[in-house]
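Residue-level structural notes
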Amino acid sequence: MNKQFRLLFFAFMLFGVTNYALAGGEMAYEPQRNSLVDAIQADVRSTSYFLGKDALDEKVLQALRKVPRHEFVQEAQRLNAYLNRPLPIGYGQTISQPYIVAIMTDLLDLDENSRVLEIGTGSAYQAAVLAEVAGSVYTIEIIDALAERAAGDLKRLGYDKVHSRAGDGYYGWEEAAPFDAIMVTAAASHIPPPLIKQLKPGGRMIIPVGGRFTVQHLVLVNKDQENRITSRQLLPVRFVPLTGDR
Amino acid sequence: MTRRPAFPLLLAIAATSSGSLAYEVLLMRLFSIVQWHHFAYLIISLALLGYGVSGVFLAFNRERLIGVYGLAVTINLLLFGMAAPACFLIAQQIPFNPAELLWATEQLGYLSGLYLLLSLPFFFAANVIGLSFFRYRRDVSSIYAADLCGAGIGSLSIIALLFVLFPEKILPVIGGLSIVASLLVQRLFFRRWRVGVRFTVGAATVAAIFVLALQNWTLNISPYKGLSQQLRIPGTKVVENYSSPLGLLSVIESTQMPLRHAPGLSLNADAEPPEQLGIFTDADNLSAITRYDGNPDNLAYLDQSTSALPYHLQDLGEVLILGAGTGSDVLQALYHKIPAIDAVELNPQTIALIKDKHADFAGHIYSDPRVRLHTAEARGFVATSRDRYDLINLSLLDAFGASSAGLYALAETYLYTEQALKAYLEHLTPGGYLSMTRWIKIPPRDTLKLIATASAALKTLGSEHPERSIVLIRSWQTATMLIKNGTFSEAELAALRRFRDERGFDADYYPGVAETEVNRFNILQEPYYYQAATALLGEEREAFIADYKFNIKPATDDRPYFFHFFKWRTLPEIWSLLGQGGMSLLESGYLLLIVGLAHAVAVSFLLIIVPLWFWKRKLGIETGSAMHWRIFFYFSCLGLAFLFVEIAFIQKFILILHHPLYAITVVVSTFLLSAGIGSRFSKKLSDKNNRLWIAMPIAAIVLLSAAYILEFQFITGFLLQRSEFSKVLGSIALIVPLGFFMGMPFPMGMASLGRSVPALIPWAWGVNGCASVISAILAALIATEFGFTVLVFSALWLYALAALSFPAAENRVR
């Protein structure tokens, strides 16, 4: 009995120490997250010409301050988790640059009633950010192992309003359609027509164009109330190709 | 022992050079597959600094090594044989990811590690040749002749090998060749037969281990390349691989989640592509073989891209598809009921896939009576064809990934030069169209350069109003420019507007377009394409080209760098944006070469100049002597000039021989073999021991090169009318005399050193090695900025400088 008591006591101590360490760890990440958000805000201010606004929606900023990016990166990359850069997550995939995550989320113009579809779950960081600002998130990942890992991470971190599955994103998520917004982060040679169909009138779709580590530009597809489709190509930096006097 | 090199030794030296050159070409192939072409170029260029390191190593250890010459050469041959495959295998374990280069500093370390590792085999090979120069200083011309002829044979052999073996399987062949060379040499220097037997058994064992180890070994391709990404998808696998010097073709099928490759599809499209097989070239650049059952309705998606525009403007009779590849443009033409299609494709293995291997799947399109298939290079086909077409089509001849990454900056292409567009336009029937489709870049680059090029080509053909002959249509992903042989009619423009509105495209430019009509469906921050097209086709053309932040000046045959968009002026602005989302603005291909050049110059300085300050005596330089500066200038100039001339003429002869592969093989091997013969012959001049004799080969080089480069248009015009065989023969006949004389100055310089300061032979070998590395990179930069004509004339000045600084015996300061 005495031995059992000692074991129990030891287990409690261990639990306490671990919790403290974790809480301490989490708290240690918070200032880094806040600095990252400050850096993103500065970048956004300098890109206002393209984004049409000086600051991101407060909901998006709050989401970035809250979502623990370090929980979505590989152990070896934790030190880099709050650098404003994409990171490898294995399987030839990356977790996007936080700045790009921020402006893509903002451009979707979401609120707590929005239903969002994401094609290409990857690390699930983007899905978690979307979940902080939208009502429900549906995310599809084509690589089984990544889908499984992402689902586990989302569950562990309490993102219950994210519905995830492994599979082909080309035909979207028919049962949950239509969507207020769709984000396509998986590489594709074209925008799948079924996804455009699953977009609500007035809905928006965002697609980063470029490589895994370098976003060339963003394509924002709009479907108006008459189901007419237009797109906007946005450069995520302030760069005008002609000199000022033109 | 005799001071004349024995024949088996010369054979071993030739085998070493052959192996070394083959290894260099092979590494380019291997790295183009596992990484990306431009990083391959950079890594391998720098790895050749192994030659420079060898020179310095030999300079410091010459006396020690000369005492054990036979052993040293044998060991270096063995080490080269082992290091060639081993270093590549180790390099495959280095997790270098070029895409992260600007994000993560450790990638610089990986990059350096890669090139240092790969410089090892070149170091061992160079030791064999350099030490032989020192040992046989009275007969340098024979050693150099063996070196050059070996390299010439190597350049031919590697191309032949790449046709029959997968690149990774050639590694042990190169290793084996060097081990055989070591056997040749050891027989000369180790007289005791038991030693010979042991040596032979040992070498054979090493070779066998390599062959066995590489049996089931596969290439470790970057996980970020298209093929690796595709293979992550469940049910996707490579079903076939085909290799040739033109590239590794991997055919993939996806059983669970179908491949759907339809670049440029309209956002309004509701049609989807049918079942497809994917084809990756060098593990990237996806194209697709589309299942075609003869029912055109299944190809409706091909009418939903910008490249379908010309088929809607008028009824077309004969169509020429340049770069037909896996057949999607041919299918598009068949969908539009074109009665006569000429399809031109460079790679016979691609053709075989569609025509034979997957003919049933592809619907026998290349055997369709309406389709005439030509295995040829696009520009060459047009140059020799007498036919005229209602439509000539070039669509997306490079993949989006490479195009967007700015890595093609220094890849020459003769498809998009001013002269090329002129040639295409001359093959149009009256009223016919030239259609060119490119990927969209933000901010625009290549499409604008095409407009500027089209305008220049039309003017050359006598058009007074190029602005009336051009239209430009754009989706969110692709832009298609049509140039008409004539002016667009109102009926055509009405059809264009209909096509635009139905598919949600933007007609950014057509004669009479108003600003209010553009930028409606695929909206840019400013109507860049409209602004640029109206400026480039109007009075403001030159000012616009000057003001634009990317280089959009038309490419020419003398400067065929269509993808070179870099402007120094824009660099500071882009550099400041890298931390945000500005990386894709950086035209990194050009910058990489600048970095490579700076690195090569810095390492060369460390290897060549720094020892002059600290270890002058050890190098063999006598106090008060200035001879080493003459040697430095002479061998630097030669190292730079030889490659300048060779590189410029490779490019020039591509315009005659057209097929880039054959052109490079013919030009390089002819240059090297004739230079080898020239070197052998140079002994007669060297023996006269008079510095004036150096003027003879250099004058010949200057005269021949200047005549060729200035009269190249005449030469091209003359040879293009001849048969393929005559073109090759004519090219060889032109190169042989030039190569012959170019092979002389180096051994004449070495022979002179052999008479005056033999101790400096290894150092001079190092100088030449470093200069050659710098030369290859510098040549690309000079050609990009100023063109091949300037490159050749730079070489001629360097040759003249070399003649002036010839290190003749009488210059020695005693």
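Small disclaimer: the values here were computed from a predicted structure and weren't measured.

A word on the confidence of the model for chain B
All names here are of chain B. The predicted model of chain B has a mean per-residue pLDDT of 90, with 97% of residues at 70 or higher. Mean pLDDT across the elements of chain B ranges from a minimum in helix 15 (residues 400-404), with 42, to a maximum in helix 10 (residues 310-313), with 98. In this model, residues 399-407 is a region of pLDDT below 50 whose contacts with residues beyond four sequence positions or in other chains number 28 contacts. The complex model carries a pTM of 0.91, and its ipTM stands at 0.88.

Section: the domain arrangement of chain B
Accessible area lost when the parts come together is the quantity often used to give the size of an interface. Each assigned domain of chain B is listed with its residue range as follows: domain 1 (1-222), domain 2 (226-289), domain 3 (306-557) and domain 4 (626-814). Between domain 1 of chain B and domain 3 of chain B, the C-alpha centre-to-centre distance is 45 Å.

Description of the nonpolar core
One finds I43(B), I451(B), A641(B) and F644(B) to be the most contacted residues of the largest nonpolar core, which totals 355 residues. Tallying contributions element by element places helix 24 (residues 627-657) of chain B first for this core, with 21 residues.

A closer look at the interface of chain B and chain A
Chain B puts 46 residues into the contact, and the matching count from chain A is 44 residues. Those elements giving two or more residues to the side of chain B that touches chain A turn out to be helix 9 (226-231), helix 15 and strand 13 (522-523) of chain B. Looking at the side of chain B that touches chain A residue by residue, the classes come out as 25 nonpolar, 14 polar and seven charged. Here strand 9 (residues 229-234) of chain A pairs with strand 13 of chain B via two bridges, running parallel. Along strand 13 of chain B, the bridge assignment pairs S231(A) with N522(B).

Notes on helix 6 (residues 144-156) of chain A
All names here are of chain A. Along its 13 residues, helix 6 runs 18 Å from first to last C-alpha, staying within 8% of the 18 Å computed at 1.5 Å per residue. For helix 6, the elements touching its buried residues are strand 2 (93-95), helix 5 (125-133), strand 4 (136-141) and strand 5 (162-166). Two residues or fewer after helix 6 comes G158, characterised by a positive phi angle close to 85°.

Looking at the sheet that holds strand 6 (residues 179-184) of chain A
Judged by pairing direction, the sheet is mixed, and its eight strands sit side by side in the order 5(A)-4(A)-3(A)-6(A)-7(A)-8(A)-9(A)-13(B) without closing on themselves. Lying at the two open borders of the sheet, with one neighbouring strand each, are strand 5 of chain A together with strand 13 of chain B. Relative to strand 8 (residues 215-223) of chain A, strand 7 (residues 199-210) of chain A runs antiparallel, the two sharing seven bridges. Of the residues in strand 8 of chain A, the one forming a bridge with P208(A) is L218(A).

Describing helix 26 (residues 695-710) of chain B
All names here are of chain B. The terminal C-alpha atoms of helix 26, which comprises 16 residues, lie 22 Å apart, in line with the 22 Å expected from a rise of 1.5 Å per residue. By the burial criterion, the buried members of helix 26 are P697, I698, I701, S705 and I709. When helix 26 is viewed along its axis, its buried side chains cluster within an angular range of 95° and face the same direction. Buried residues in helix 26 make contact with helix 24, helix 27 (712-720), helix 28 (724-742), helix 29 (745-756) and helix 31 (788-804).

Focus on the packing of helix 4 (residues 69-91) of chain B against helix 5 (residues 106-135) of chain B
All names here are of chain B. Running from amino to carboxyl end, helix 4 crosses helix 5 at an angle of 160°, the nearest separation of the two axes being 8 Å. Relative to helix 5, helix 4 is oriented roughly antiparallel. For the pair helix 4 and helix 5, the crossing hand works out as left-handed. For the pair formed by helix 4 and helix 5, the contact residues are Y69, A72, V73, N76, L77, L79, F80, A83, A84, C87, I90 and A91 on the first element and L114, L117, L118, L120, P121, F124, A125, N127, V128, L131 and R135 on the second. The residue inventory of the contact of helix 4 with helix 5, partitioned by class, reads 20 nonpolar, two polar and one charged.

Brief notes about the sheet that holds strand 7 (residues 371-375) of chain B
Residue and element names in this part refer to chain B. Reading across from one edge, 7-6-5-8-9-11-10-12 is the order of the eight strands in this open sheet, with mixed pairing throughout. Of all the strands in the sheet, just strand 7 and strand 12 (506-509) have a single pairing partner and so form its edges. Adjacent strand axes in the sheet meet at a mean angle of 20° when their direction is disregarded. Taken together, the five bridges between strand 5 (residues 318-322) and strand 6 (residues 340-345) define a ladder with parallel strand orientation. Paired with I321 across the two strands is A343, which belongs to strand 6.

Description of the pairing of strand 10 (residues 470-474) of chain B
Residue and element names in this part refer to chain B. Where burial is concerned, most of strand 10 is hidden: five out of the five residues are buried. From the end of strand 10 to the start of strand 11 (residues 478-484), which pair antiparallel, there are three residues. Inspection of the sheet shows strand 10 paired to strand 12 by three bridges, in the antiparallel sense. Looking at the pairing, I473 lines up with A507 of strand 12.

Here is what the cut-offs are and how they apply
- Residues numbered from 1 in each chain as written.
- Chains lettered and ligands numbered in written order.
- Predicted model: local features only at pLDDT ≥ 70, side-chain atom pairs only at ≥ 80, totals over all residues.
- pLDDT = per-residue confidence, 0-100.
- Helix = DSSP H or I, 4+ residues; strand = E, 2+ residues; numbered from the N terminus.
- Contact = placed C-beta atoms within 7 Å.
- Domains from an automatic or database assignment.
- Core = buried A, V, L, I, M, F, W, Y, C linked by C-beta atoms within 7 Å.
- Buried ≥ 20, exposed ≤ 12 C-beta atoms within 10 Å, placed from the backbone.
- Nonpolar A, V, L, I, M, F, W, Y, C, P; charged D, E, K, R; others polar.
- Pairing = 2+ DSSP bridges.
- Expected span 1.5 Å × (residues − 1).
- Arc of directions from axis to C-beta.
- Axes fitted to C-alpha atoms, helices over the stretch in contact; angles between N-to-C directions.
- Parallel < 35°, antiparallel > 145°, perpendicular 65-115°, else oblique.
- Left-handed = near helix turned anticlockwise from the far one by under 90°.

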